[in-house]
Amino acid sequence: MILQKTLLTLTLFAQLLFATQVSDFIDESKCSQIIDKQLYTICYSYKYKGALSGWVTLYGDKVNTVNIKKRPRFYNEKKIPMQYRTKSKDYRGYGKKYNRGHFIVADADFDYSKKALLKAYTMANIQPQSAKVNQKTWLKVEKYGRKLASKLGYINSVSIADYKGANQHIGNNITIPTGFYRIYYNDDANFKKCFYYKNVLDVDIKHDKLKNHIIDCNSILKD
């Protein structure tokens, strides 16, 4: 009996020791501000006027259950000081190249209730995404996350903006990321998979597949 308890304790300790954590990928000390949206969290950068990263848990009993047709308007995140906010009007004149792209949570992730859906429309959750990436390719990895949540019961999702070499901007000096990471994991199911999308204007939509964006998760562990 004692041996069984000892083995169980060691097993639980090992699971905790090797469990995937948000902190494996994100250094919260680099966040200018951490915004708690109750259903998800945003690590925001004053320097870039956009999210550095964010994380959420999607639940299978909520995603893909309702389809709310009327969408909320994008709104400015009042928790962020005015001079560092991303505003919807900052995207005017850039629509043909860069869209207001949902970054951490997608519209379809939260459209099980109007209250939840509204939280997805804060501009703090929006990034200037290439029109083709936003409309044709990034949505595939978003859809995959909801599929995983339904299959596994839940899925943890981490999004990271890649600002390496970023030197382009839209209105209000908002920096355009050079790419986006998406990490999915569920330790109970021993599942982890990571993706990377370049934020470029020239995208081969015809041949784009989800598997083309799979990367080694170890390559994005924080320093």
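Just so you know, these numbers come straight off a predicted model, no measurement behind them.

About the criteria used
Throughout, residues of each chain are indexed from 1 in the direction in which the sequence is written. Where local features are concerned, this predicted model is filtered to residues with pLDDT of at least 70; where side-chain atom pairs are given and counted, the filter is 80 or more; whole-chain, interface and lining totals use all residues. In computing side-chain properties, one takes all heavy atoms of the structure into account and sets aside hydrogens as well as water. Within this scheme, the nonpolar core is defined by two criteria: the residues are buried Ala, Val, Leu, Ile, Met, Phe, Trp, Tyr or Cys, and they are joined through side-chain atoms within 4.5 Å. Type-normalised accessible area, obtained with a 1.4 Å probe on protein chains alone, sets the label of each residue: buried when under 20%, exposed when over 50%, and partly exposed for intermediate values. Labels follow the DSSP assignment, with helices taken as runs of H or I lasting at least four residues and strands as runs of E lasting at least two, numbered in each case from the N terminus. What makes two residues a contact is simply this: any of their non-hydrogen atoms within 4.5 Å. Two strands pair under a simple rule: DSSP has to find at least two bridges between them. Pairs of cysteine sulfur atoms within 2.5 Å are what we label disulfides.

Student: Help me understand the nonpolar core, please; the structure alone is not making it clear to me.
Tutor: Looking at soluble globular proteins, one finds that nonpolar side chains tend to be buried together. Ile42, Phe110, Val158, Ile183 and Tyr184 are the most contacted members of the largest nonpolar core, which has 51 residues in total. Secondary structure elements with two or more residues in this core: β2 (40–45), β3 (50–59), α2 (114–119), α3 (131–152), β6 (154–162), β9 (179–186) and β10 (191–198). The residues contacting valine 158, other than those within four sequence positions of it, are Val22, Ile26, Gly54, Trp55, Tyr181, Arg182, Ile183 and Tyr185. Residues Tyr91, Ile126, Ile170 and Ile176 belong to the second largest nonpolar core, which totals 7 residues.

Student: Before we go on, may I ask you to explain the sheet that holds β2 in this structure?
Tutor: One open sheet accounts for 7 strands, arranged β1-β2-β3-β6-β9-β10-β11; its pairing is antiparallel. Edge strands, defined here as strands with exactly one partner in the open sheet, are β1 (33–36) and β11 (214–215).

Student: Before we go on, may I ask you to explain the side chain of asparagine 186 in this structure?
Tutor: Looking at the secondary structure, you find asparagine 186 in strand β9. Setting aside chain neighbours within four positions, we find asparagine 186 in contact with Leu152, Tyr154, Ile155 and Phe191.

Student: What exactly am I supposed to notice about the pairing of β6 here?
Tutor: Sheet faces and side chains relate simply in a regular strand, where the side chains alternate between the two faces. When you tally the buried positions in β6, you get 8 out of 9 residues, the bulk of the element. Strand direction decides the pairing type here: β3 and β6, joined by 7 bridges, are antiparallel. Residue valine 56 lies in a different strand from β6, and its bridge partner there is serine 157. Note: β6 against β9, 7 bridges, orientation antiparallel.

Student: Would you take a moment to explain the environment of arginine 92 for this structure?
Tutor: Here arginine 92 shows up in the loop between β3 and β4 (98–102). The exposure class of arginine 92 is exposed, given its relative accessible area of 65%. Distance in space between the C-alpha atoms of arginine 92 and valine 141 is 27 Å, their sequence separation being 49 residues.

Student: Would you explain the state of the cysteines in this entry?
Tutor: Structurally, a disulfide amounts to a covalent bond that connects the sulfur atoms of two cysteines. Taken as a whole, this structure holds 2 disulfides when the rule is applied. Covalent S-S linkage joins cysteine 31 and cysteine 43, the inter-sulfur distance amounting to 2.1 Å. Measuring handedness by torsion sign, the sulfur bridge of cysteine 31 and cysteine 43 sits at about -110 degrees and is left-handed. Placement of cysteine 31 in the loop between α1 (2–18) and β1 and of cysteine 43 in strand β2 is noted, with a sequence separation of 12 residues between them. The residues cysteine 31 and cysteine 43 share a single accessibility class, namely buried.

Student: Just to check I follow, could you spell out unusual backbone geometry for this structure?
Tutor: Note: most peptide bonds trans; most residues except glycine with negative phi. One non-glycine residue, lysine 49, lies in the positive phi region at around 55 degrees. Residue classification places lysine 49 among the buried positions, given a relative accessible area of 14%. The backbone of asparagine 172 sits at a positive phi, close to 65 degrees, despite the residue not being glycine. Along the chain, the position of asparagine 172 falls in the loop between β7 (169–170) and β8 (174–175). Overall, asparagine 172 belongs to the partly exposed group, its relative accessible area being 30%.

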